[in-house]
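# Report on the structure
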Amino acid sequence: MKMNKIMVAGAGQMGAGIAQTAAEAGFDVIVYDWEPAAVTKGLQYIQKNLERDKAKGRKSHLETDTIFSRISPADLDEAEAADFVIEAIAENKKAKAELLQKLDRICQPHAILASNTSSLPITELAAVTRRPEKVIGMHFMNPVPVMELVEVIRGLATSDETTETVKKLAFEMKKTPVEVNDFPGFVSNRVLMPMINEAVFCLYEGVASKEAIDEVMKLGMRHPMGPLTLADLIGLDTCLSIMEVLHTGFGDSKYRPCPLLRKYVSAGWLGKKSGRGFYEYER
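These figures come from a predicted structure and were not determined experimentally.

On the UniProt side, "domain: 3-hydroxyacyl-CoA dehydrogenase C-terminal" (unreviewed entry) is annotated at positions that read residues 185-281 here. The span residues 185-281 shows a helical share of 62% and a strand share of 0%, and its end C-alpha atoms are spaced 28 Å apart.

For the pair helix α9 (residues 227-234) and helix α10 (residues 236-250), the least separation of the axes is 6 Å and the interaxial angle reads 100 degrees. One finds that α9 runs roughly perpendicular with respect to α10. Between α9, through Ala 231, Asp 232 and Ile 234, and α10, the contact on the second element is made entirely by Leu 236, Thr 238 and Cys 239.

In the segment running from Asn 142 into Pro 143, the intervening peptide bond is cis, with an omega of 0 degrees. Assignment of secondary structure puts Pro 143 in the loop between β6 (135-140) and β7 (149-154). One non-glycine residue with positive phi stands out, namely Lys 174, at about 60 degrees. Within the fold, Lys 174 resides in the loop between α6 (160-172) and β8 (176-180). For Lys 174, a relative accessible area of 70% translates into the label exposed. Located in the positive-phi region is Phe 186, a residue other than glycine, with phi close to 55 degrees. Looking at where Phe 186 falls in the secondary structure, it is placed in the loop between β8 and α7 (188-204).

If you look at the biggest cluster of nonpolar residues, it comprises 34 residues, and the most contacted ones within it are Ile 18, Val 29, Phe 84, Ile 86, Met 138 and Phe 140. Contacts of Phe 84, omitting those with residues within four sequence positions, involve Met 3, Lys 5, Ile 6, Met 7, Ile 112, Ala 114, Met 138, Val 166 and Leu 169. Judged by nonpolar contacts, the second largest core, of 26 residues, contains Ala 74, Val 85, Leu 100 and Val 180.

Checked against the element boundaries, Ala 82 lands in the loop between β3 (71-73) and β4 (84-87). What makes Ala 82 buried here is its relative accessible area of 0%. Setting aside chain neighbours within four positions, we find Ala 82 in contact with Lys 5, Met 7, His 110 and Ala 111.

Another aspect to go through is a positive patch on the surface. Together, Lys 48, Arg 52, Lys 56 and Lys 272 line one region of the surface with positive charge. Considering the arrangement of structural elements, one finds Lys 272 in the segment after α11 (259-266). Overall, the relative accessible area of 49% leaves Lys 272 in the partly exposed class.

What follows concerns the UniProt feature "binding site: NAD(+)" (unreviewed entry) in the protein chain. UniProt records the feature "binding site: NAD(+)" (unreviewed entry) at Gly 10, Ala 11, Gly 12, Gln 13, Met 14, Gly 15, Asp 33, Glu 91, Lys 96, Ser 118, Asn 142 and Lys 273, using the numbering of this structure. Filtering out sequence-adjacent residues up to four positions away, Met 14 remains in contact with Asn 116, Phe 140, Met 141, Asn 142 and Val 144. In this fold, Asn 142 is placed in the loop between β6 and β7. Setting aside chain neighbours within four positions, we find Asn 142 in contact with Gln 13, Met 14, Met 147 and Leu 233. A polar side-chain atom of Asn 142 sits 3.4 Å from a polar atom in the side chain of Gln 13.

Rules and cut-offs
Residues numbered from 1 in each chain as written. Predicted model: local features only at pLDDT ≥ 70, side-chain atom pairs only at ≥ 80, totals over all residues. Heavy atoms only, no water. UniProt positions renumbered as here; feature names shortened; annotations may be inferred. Helix = DSSP H or I, 4+ residues; strand = E, 2+ residues; numbered from the N terminus. Axes fitted to C-alpha atoms, helices over the stretch in contact; angles between N-to-C directions. Parallel < 35°, antiparallel > 145°, perpendicular 65-115°, else oblique. Contact = heavy atoms within 4.5 Å. Buried < 20%, exposed > 50% of the residue type's maximum accessible area, 1.4 Å probe, protein only. Core = buried A, V, L, I, M, F, W, Y, C linked by side-chain atoms within 4.5 Å. Patch = residues over 30% accessible without salt bridge, like charges linked within 9 Å, V, L, I, M, F, W, Y side chains within 5 Å. Areas by Shrake-Rupley, 256 points an atom, 1.4 Å probe, with all protein chains shown as cover. Salt bridge = Lys/Arg side-chain N within 4 Å of Asp/Glu carboxyl O. Lys, Arg positive; Asp, Glu negative; His and termini not counted. Charge placed at Lys NZ, Arg CZ, Asp CG, Glu CD. Polar contact = N/O pair within 3.5 Å; in protein donor to acceptor, adjacent residues only side chain to side chain.

Right under this line is the structure:
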């Protein structure tokens, strides 16, 4: 199936990154968010990324202008013109299911609906639509323009044709698709989030300072950034949501979210996006 137009539903950091990556691959992209200000902020984020690439000589002035010209804001009803829609809203099953139901009603029958969920079951999300064979998980990594991996997650009803189309799309976007099965957290977050959660427990129990915990993992395990810094980048609310999905999905106490993580989220200390998490940031 030829992709002429892609819609990204959700204009946060992930959605904006996906939109940029799709535009860089030559696709016309429309961006929707229920909050118009989020679209404006998302477009500014994309422009900033492109300006950085231009300043570093990775893209020419013409290239950055051309890429940005392919991206435009849209109302949800404009999904009718899209061949492929990827939702990238907050990690909340009810909200994602409601959005997919709306998109299912609006989109043409041939359109594929993808979710950028980082942990939620694709089979359950697909079941709320009338096209479960055309619903799939397409989990990008953060920051999207830089990270190579895309986890491709089939639901129980996802067709072979949909899966192959999405893998081809990932390659066109210069990503490497890796197919994984539909289990809570898939592979990436089933492995990553318990590590982050354990780092939070180390801080909570006074094993070491946040700086020391991060330094041990950077120097000892060759991680590019420490787990607490990474949690701030991902968003502590997202980390908590994923741990709750793992805890509920597997019913295993080893996935119990650290109380300190809950406390920070309750306080609104969500990480880099809020200006404060385990560390403080300029906004």
